[in-house]
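# Secondary and tertiary structure notes
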Amino acid sequence: MTLTSKPLAALIFIILFGGIAFTTAMGWFATESTKEPTTFTEGEFAGLANPADIRGSYTFGDIEKSFGIPSAILAQAFSIQTNDPAFFAIKELEVIYAASEFEVGTASVKLFVALYNGLPLDLSTDMSLPENAAALLKEKNLTPEQLAYLDSHTIPNPAAASDSLEPAPVQVTESAPESASTEQLIKGKTTFQEVLDWGVTQETIEQVMGVPMPNPLTKIKDYCLEKRLDFEIIKTALQVEADKVK
Amino acid sequence: MKIFGKRLFRPRSIWIRKIVQWFFFLLIALISINHTLIENGGGIPFLSTASLHALCPFGGVVTIYQYAAVGTFVQKIHESAFVLMIIGFALAFLFGPVFCGWACPLGTVQEWIAKLGRKFFKRRYNQFVPARLDKVLRYLRYLVLAWVIYVTATSGTLIFAVYDPYFALFNFWTSEVAIGGLIILSATLVLSVFIERPWCKYACPYGAVLGITNLFRVFQIKRAESTCKADGACSIMCPMNIPVDKVKTVRDHQCISCLECTSEAVCPVAQTVVFTTGAVK
Ligand code: SF4
Ligand code: SF4
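In this numbering scheme, every chain counts its residues from 1 along its sequence in written order. Chains and ligands are labelled by the order in which they are written, letters from A for the one and numbers from 1 for the other. Local features are withheld for residues below a pLDDT of 70 in this predicted model, meaning they are given only at 70 or higher, and side-chain atom pairs are given and counted only at 80 or more; totals for whole chains, interfaces and linings count all residues. With hydrogens and water set aside, each side-chain value is computed from the structure's full complement of heavy atoms.

## A word on the interface of chain B and chain A
Size of an interface, as often reported, equals the accessible area lost when the parts are brought together. In this description, contact between two residues means that some pair of their heavy atoms is separated by no more than 4.5 Å. Facing 48 residues of chain B, the contacting portion of chain A comprises 37 residues. We define buried area as the total accessible area lost by two parts upon association, computed with a 1.4 Å probe and summed across both. Between chain B and chain A, the buried area comes to about 3600 Å², and carbon and sulfur atoms account for 67% of it. One side-chain nitrogen of Lys or Arg within 4 Å of one carboxyl oxygen of Asp or Glu is enough to make a salt bridge. The interface formed by chain B and chain A includes zero salt bridges. We call two N or O atoms a polar contact when they sit within 3.5 Å, provided that within protein one can donate a hydrogen and the other can accept it, with sequence-adjacent residues counted only if both atoms are side-chain atoms. Remark: the boundary between chain B and chain A carries six residue pairs in polar contact (both at pLDDT 80 or more). Looking at the side of chain B that touches chain A, the elements that each hand over two or more residues are helix 1 (15–39), helix 3 (64–70), helix 4 (79–95), helix 5 (98–103), helix 8 (140–155) and strand 4 (273–276) of chain B. Classifying every residue of the side of chain B that touches chain A by side-chain character gives 27 nonpolar, 16 polar and five charged. At least two bridges found by DSSP between two strands are what make those strands a pair. Only DSSP runs of H or I with at least four residues qualify as helices, and only runs of E with at least two residues qualify as strands; both kinds are numbered from the N terminus onward. By the bridge criterion, two bridges tie strand 1 (residues 2–3) of chain A to strand 4 of chain B in an arrangement that is antiparallel. Basically, the charged four are Asp, Glu, Lys and Arg, the nonpolar ten are Ala, Val, Leu, Ile, Met, Phe, Trp, Tyr, Cys and Pro, and anything else, Gly included, counts as polar.

## Some details on unusual backbone geometry
Residues and elements named next belong to chain B. Unusually for a residue other than glycine, asparagine 241 sits at a positive phi of about 55°. Mapped onto the secondary structure, asparagine 241 falls in the loop between helix 13 (233–237) and strand 4. You will see that serine 257, though not glycine, has its phi angle at about 55°, which is positive. As for its position among the elements, serine 257 is in the loop between helix 13 and strand 4.

## Describing the site of ligand 2
In this text, near means that some heavy atom of the residue lies within 4 Å of the molecule or strand in question. As a matter of local geometry, ligand 2 sits amid Ile221(B), Cys238(B), Pro239(B), Met240(B), Val244(B), Cys255(B), Ile256(B), Ser257(B), Cys258(B), Leu259(B) and Cys261(B). Tallied by class, residues from the shell around ligand 2 come to ten nonpolar, one polar and no charged.

So, in structure tokens, the structure goes:
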């Protein structure tokens, strides 16, 4: 059988776009990781989205979809002024709050979402929230324990937003680069290999985790979920070790 | 057009390939722009918003090890890259590296610059590298491939993105692009004025993977010795400098299945250089 250019061109199109259409129909052609957090599997909250699984790559819009909290409220809580808060990626909070003494980032959003929706979240680690967020939460039915936690973990709004519940003038101009490769910060997608590369030994990692380290390419967060370890606690402890060897 | 078995008009090149190349170039360029627009709250309707990593079949190749070892993808790589890798292999198994010759926008851009080089240097174009050195350098891309697979497997991150000229070509306006990628892209574009497809020949790790299929692909470039006039036109026009006039079947790992050497384009004798599964005399 001999082929000339035109049938070859047709076959390339048919195989390529046919393959894409077929795999799309089968649900195999995902071009991004799902932005849906895992759900609680047991207890009174079974089936509801778990705030502990919120990731830095989520936007306020993704959180609105999974947790029903309007993007505008989230923008107000974190003093983000943008025309379209649904597109604000929460990984950018770290950049916006970089000047703050306490870290405001993905963990803060988890805390806000959990308290706003009355969902459980482990409060044994330190997570900070800006004043605007705390004010919004105080309108909710918080337990005395949650209120006490909130009071001790509230930090000032960024600069000009301190005395207002109005969206503060933190202007979002451009996205933070996806790969802040040089900073040694443990995040949801950090693998054991990255921590090893920063100079933390396998022995130290295993001491911190209390379990043997898996294949280094495994994401720390995935392994914590698998071993039912609290990622926030492990993350903080490993971060301390990583900072030591900086 | 044929009259009494003789062709009155013989195209010098495979024009439909140029159209297909334009199509893929524009498609990828628009998707890249759309990805940026979406991140900033805009977007072009009905067009994919995927990142370039999600649409790169080579992303699927570099993630194979991690997928086999821990069942996850390298950061920024998604299922779609895996699917495209499989489709790319299926196409290459049947037709050789048609991805390179017909679809890859970086290959296309190098070809566009080649036109300029041809205008300047005429027949000396694409003949500057001494043959012996060239022969050795052609295997360099397998070293690049081995290095990319090694660093990706040990780091679990897409380190090659920092050097990838393809990524730089479609992301030079974003903050994601790395200076290494821009330098390699610039070097590739400048070298293309002297050498046709320098990145493809000497460095592209994906071209290296696909090139292996030239050894066993189903449709092959074959030359009928009985009708061949031995004028060497096929070899002169081959962008990859393959001596088509010296072999019966092209099995060179560098062939990109562009069909430019065939009797449909540059070979002046009908049915002499063909793309076929069968035998030729
Ligand atoms: S060799 Fe690489 S850069 Fe060249 S066409 Fe093929 S995939 Fe594209
Ligand atoms: S041998 Fe023919 S099909 Fe292969 S690259 Fe050269 S011109 Fe293209």
